[in-house]
Amino acid sequence: DDESALPETHSELDQKLVEELDREQTRLQIIHDTRKSLPVYKFRNPLLSAIREHQVLIVVGETGSGKTTQLPQYLVEEGFTQGGKFQIACTQPRRVAATSVAARVADEMDVILGKEVGYSIRFDDKTTLDTTILKYMTDGMLLREFMTDPELKKYACIIIDEAHERTLATDVLLGLLKDILPHRKDLKLIISSATMNAAKFADFFYDAPIFNVPGRRFPVDIHYTLQPEANYLNAAVTTIFQIHTTQPAPGDILVFLTGQEEIEAAQQSLEEIAHVLGSKIKPLIIAPIYANLPQEQQSRIFEPTPTDCRKVVLATNIAETSLTIDGIKFVIDPGFVKENSYIPSTGMSQLLTVPCSRASVDQRAGRAGRVGPGKCFRIFTKWSYYHELELLPKPEILRTNLSQVVLLLMSLGVTDLLDFPLLDKPSIPALSKALENLYTLGALNSKGAITRLGRMMCELPCEPEFGKVLHIAATHDSCKGSLEEVITIVAMLHETASVFVQGKADRDQNKSGIIGKVSSDHMLYLETYNNWKDMNYSKSWCFDHKVQFKTLVRVRNIRDQLWRCCDNLGLVAVNDQASKTLGNLENLEPRIIKSFIAGFPSNIAKLGTSGYHTMGARQGGVDVSVHPTSIVFQALRKDMAKPSKFILYQRLVLTSREFMRDCVPIPREEWLNEMVPHFFKSVNRQRS
Ligand code: ADP
Ligand code: MG
């Protein structure tokens, strides 16, 4: 806005233009040089020949050698898209990786993100029909494409990247691809992986060749703690300051933490200590990276560190192999990861913080040796490394609820699940539990065949349980009319991690405005969204109420997409007829709660003499408590509510105790049998 900065004359304008062009030229030159300096560049031609020669190729290489960013570009340059007639897909297990790599590659190719190069992740599609030739996408999105295009006809090449991560979607994709390869002789499949597991992929694809890209790697000194650390977060923070004050710059630090909450806690204590030390230490730049971090903030990790500063990247295991950050010389690794764990016999799914595998901690250590010799500080003992850590991580397919995938496979016509090709076969109890869940939801009939409702659930871009909630909210006699509200809540539940501005005080303050009015997290989410909507989606309203504006914008987008899907499935029309006769919110709340009971009958806890206990499991449940962040907890603490006999929760998290997050009290017991008749009867019978 500074007027004096405007050019005064034409010649000055020309001068600015020339400078601008120069800068652009330099930038392109640097990108060009960087691309040529990556280890994979030397193997460009042999790689392309191998791809031409074989239908399936396994590419193995050190992280940071250029597999993800370069390989797809080589395929484009070599005309594999046949002048844009076909696309190239590169799958990523993580959303953040898909978006960040797509942005980088668009930059390298000097095109606009979303045109030639795009990305596609759930609820966010940045591609253009007809122009996008290179698409980075989550493995889950490619999986969904099988529903509309069972032979993936629009693709010339598919790169399954980070295959060693062994996500559920990647494993199922590999099985489906194995099935279609004989019918799609022209399709090229490239599986790219870190060194672990490569032979297993080769075996799976009838001895497919393995192409090794040797990387450059400097030695990394490994340090262990002498005793186990009770509080690894504190230990990590202390280590950061030790490195910062004793080791010369440049040399950035990468810390592996398990999730957003831990990263925020670490960031806060780093900032506090740095503030106290003030000018006694050189400046620290703190850059967090995790899945829910708003996109604009993600790129901070890649910004070059100014001289005399040190960057500390606080990352989840996304930085283990998916993202490469240049300039890292020190790695701090507490050796933990947050992992989904599912127990078929109880039907309970929870996120657990568990020790990493040896393969993972070795991979993490390697991140310190890319630019030069590095150091890795492990916050666990050497004994633990050799005696307590598993060799390899456990594939997701062996530790997750399979309902969604089983439903998808059945909708694709896979009838014999035991015969479907998979790298690791799930256990029979896990498969039967999935079938049982789907039957309870009404996605399968008593003969085990997929129902119309089951097909509808597949069409909706959410878990089958949420699909059921939406369907019931639109069609069930005692629920219909509540679809719009339920869609809002479902959309909010997809983003709960970041709706409210962090900090406990902030949260309480925010909710106090609404707390007297609502008695569940579900209604709190609904009220929050609706208030924002009534304020014309205002940014300042969010600021005043300690709500994250960007999160609500994402929720609005998710909401619109769910609405469109429900509309296409005819649910909106059914719902609208009923909603004309219904009025205000008080009327709707029972309808909303009932819809959620129908979708999540397994997620209900009952109040006993010693607190809440989960129901729905055949073999007893577990003791659970309402999470302190829940509005239900706050209402109980402030004696504003009598504890309800039944509570429905969306998630269980195990920290110091087993906690229920996102809770809604169920005011009347009859609703359980009304909404899921057979379910609760059979549970009770088996128990007594
Ligand atoms: P690989 O897939 O083999 O691990 P990548 O293709 O991801 O390797 O990375 C190659 C190089 O590109 C790395 O040096 C990395 O630092 C750089 N790079 C990747 N993404 C970005 C980004 N978003 N910004 C800046 N540099 C990036
Ligand atoms: Mg990669």
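Residues numbered from 1 in each chain as written. Chains lettered and ligands numbered in written order. Predicted model: local features only at pLDDT ≥ 70, side-chain atom pairs only at ≥ 80, totals over all residues.

In this section: the overall build of the protein. The secondary structure content of the protein amounts to 27 helices and 21 strands. In terms of C-alpha radius of gyration, the protein reaches 26 Å, essentially the compact-globule figure of 26 Å for 688 residues. Overall size of the protein, expressed as C-alpha extent along the three principal axes, is 70 × 65 × 65 Å. With 688 residues in all, the protein has 43% of them scored as buried. Taking the contacts inside the protein whose residues are at least 6 apart along the sequence as the reference set, 73% of them involve residues at least 24 apart. (Helix = DSSP H or I, 4+ residues; strand = E, 2+ residues; numbered from the N terminus. Rg over C-alpha atoms; globule rule 2.2 N^0.38 Å. Buried ≥ 20, exposed ≤ 12 C-beta atoms within 10 Å, placed from the backbone. Contact = placed C-beta atoms within 7 Å.)

Glancing now at the site of ligand 1. Taken together, 16 residues surround ligand 1, and among them Lys67, Thr68, Thr69, Arg104 and Phe302 come closest. When contributions to the shell around ligand 1 are tallied by element, the ones reaching two or more residues are α3 (67-77) and α4 (95-108). The greatest single-element share of the shell around ligand 1, amounting to 4 residues, is contributed by α3. Of the residues assigned to the shell around ligand 1, the class counts are 3 nonpolar, 10 polar and 3 charged. (Near = placed C-beta within 6 Å. Nonpolar A, V, L, I, M, F, W, Y, C, P; charged D, E, K, R; others polar.)

Attention now moves to the nonpolar core. Core analysis: the biggest nonpolar cluster contains 171 residues, and Val255, Leu470 and Val490 have the highest contact counts within it. Excluding anything up to four places from it in sequence, Leu470 contacts Leu460, Leu483, Val486, Ile487, Val490, Cys566 and Leu571. (Core = buried A, V, L, I, M, F, W, Y, C linked by C-beta atoms within 7 Å.)

With parallel pairing, the 6 strands of this open sheet are ordered in space as β9-β16-β13-β10-β12-β11. If you trace the sheet from one side to the other, it starts and ends with β9 (220-224) and β11 (284-289), each paired once. Strand-to-strand twist across the sheet, computed as the mean angle between neighbouring axes with direction ignored, equals 20 degrees. Taken together, the 4 bridges between strand β10 (residues 252-256) and strand β13 (residues 328-333) define a ladder with parallel strand orientation. Residue pairing for β13: Ile253 is matched across the bridge by Phe330. (Pairing = 2+ DSSP bridges. Axes fitted to C-alpha atoms, helices over the stretch in contact; angles between N-to-C directions.)

Another aspect to go through is the packing of helix α5 (residues 139-148) against helix α6 (residues 168-180). Two numbers describe how α5 lies on α6: the axes approach to 9 Å, and their chain directions differ by 40 degrees. The element α5 and its partner α6 pack so that their crossing is left-handed. For the pair α5 and α6, contact is made by Asp139, Gly140, Leu142, Leu143 and Phe146 and by Ala169, Thr170, Val172, Leu173 and Leu176, respectively. Split into classes, the residues belonging to the contact of α5 with α6 amount to 7 nonpolar, 2 polar and 1 charged. (Left-handed = near helix turned anticlockwise from the far one by under 90°.)

Listed under "domain: Helicase ATP-binding" (unreviewed entry) in the UniProt record, and renumbered for this structure, are residues 48-214. Helix makes up 37% of residues 48-214 and strand 25%. Its end C-alpha atoms lie 16 Å apart. (UniProt positions renumbered as here; feature names shortened; annotations may be inferred.)

Next up on the list: the pairing of strand β19 (residues 623-626). Here β19 shows one buried face, formed by Val624 and Val626, and one open face, formed by Asp623 and Ser625. With 2 bridges connecting them, strand β18 (residues 611-614) and β19 associate as antiparallel partners. Across the sheet, Tyr612 pairs through a bridge with Val624, a residue of β19. Pairing between β19 and strand β21 (residues 658-666): 2 bridges, direction parallel. Looking at the pairing, Val626 lines up with Met660 of β21.

In the contact formed by helix α14 (residues 403-411) and helix α16 (residues 452-459), the axes pass within 10 Å of each other and the chain directions differ by 110 degrees. Overall, the two elements α14 and α16 adopt an arrangement that is roughly perpendicular. Here Leu407, Leu408 and Ser411 of α14 lie close against α16, whose contacting residues are Gly454, Arg455, Met457 and Cys458. Each residue belonging to the contact of α14 with α16 can be placed in one class, and the counts come to 4 nonpolar, 2 polar and 1 charged. (Parallel < 35°, antiparallel > 145°, perpendicular 65-115°, else oblique.)

Taken in spatial order, the 8 strands line up as β4-β3-β5-β2-β6-β7-β1-β8 in an open sheet, and their pairing is mixed. Only two strands of the sheet have a single neighbouring strand rather than two, namely β4 (124-126) and β8 (210-213). Going across the sheet, the axis of each strand differs from the next one's by a mean of 20 degrees, ignoring polarity. As defined by bridge partners, strand β6 (residues 155-160) adjoins strand β7 (residues 188-193) across 4 bridges and the pair is classed as parallel. When the bridges of β7 are listed, Cys157 appears paired with Lys188. Where α4 meets the sheet, it contacts β2 (87-92), β3 (117-121) and β5 (134-138), and its direction lies at approximately 170 degrees from that of β3.

We now examine the UniProt feature "domain: Helicase C-terminal" (unreviewed entry) in the protein. As annotated in UniProt, the feature "domain: Helicase C-terminal" (unreviewed entry) corresponds to residues 239-413 in the numbering used here. Between the end C-alpha atoms of residues 239-413 the distance is 54 Å, and the span holds 33% helix and 25% strand.

On to helix α1 (residues 10-37), then. Between its first and last C-alpha atoms α1 spans 40 Å; for 28 residues at 1.5 Å apiece the expected length is 40 Å, and the two agree. Across the 28 residues of α1, 0 count as buried, placing the element largely on the outside. (Expected span 1.5 Å × (residues − 1).)

Each neighbour pair has its own omega, and for Ala249 with Pro250 the value is -5 degrees, a cis peptide bond. In this fold, Pro250 is placed in the loop between α8 (232-246) and β10. Even without glycine at this site, Tyr206 takes up a positive phi of about 50 degrees. Inspection of the secondary structure puts Tyr206 in the loop between α7 (198-204) and β8.

With respect to the secondary-structure elements, Phe466 resides in helix α17 (residues 464-475). Note on Phe466: 24 C-beta atoms within 10 Å, which makes it buried. Sequence separation between Phe466 and Ile133 is 333 residues, and the spatial gap between their C-alpha atoms is 33 Å. Leave out the neighbours within four places in its chain, and Phe466 touches Val490 and Gly599.

Here Lys200 shows up in helix α7. Spatially, the C-alpha atom of Lys200 lies 7.6 Å from that of Leu423, the residues being 223 residues apart in sequence.

Taking 1.5 Å as the rise per residue, α6 with 13 residues should run 18 Å; its terminal C-alpha atoms sit 19 Å apart, in good agreement. By the burial criterion, the buried members of α6 are Leu168, Ala169, Thr170, Asp171, Val172, Leu173, Leu174, Leu176 and Leu177. Of the surrounding secondary structure, the elements contacted by the buried residues of α6 are β2, α5, β6, β7, α7 and α14.

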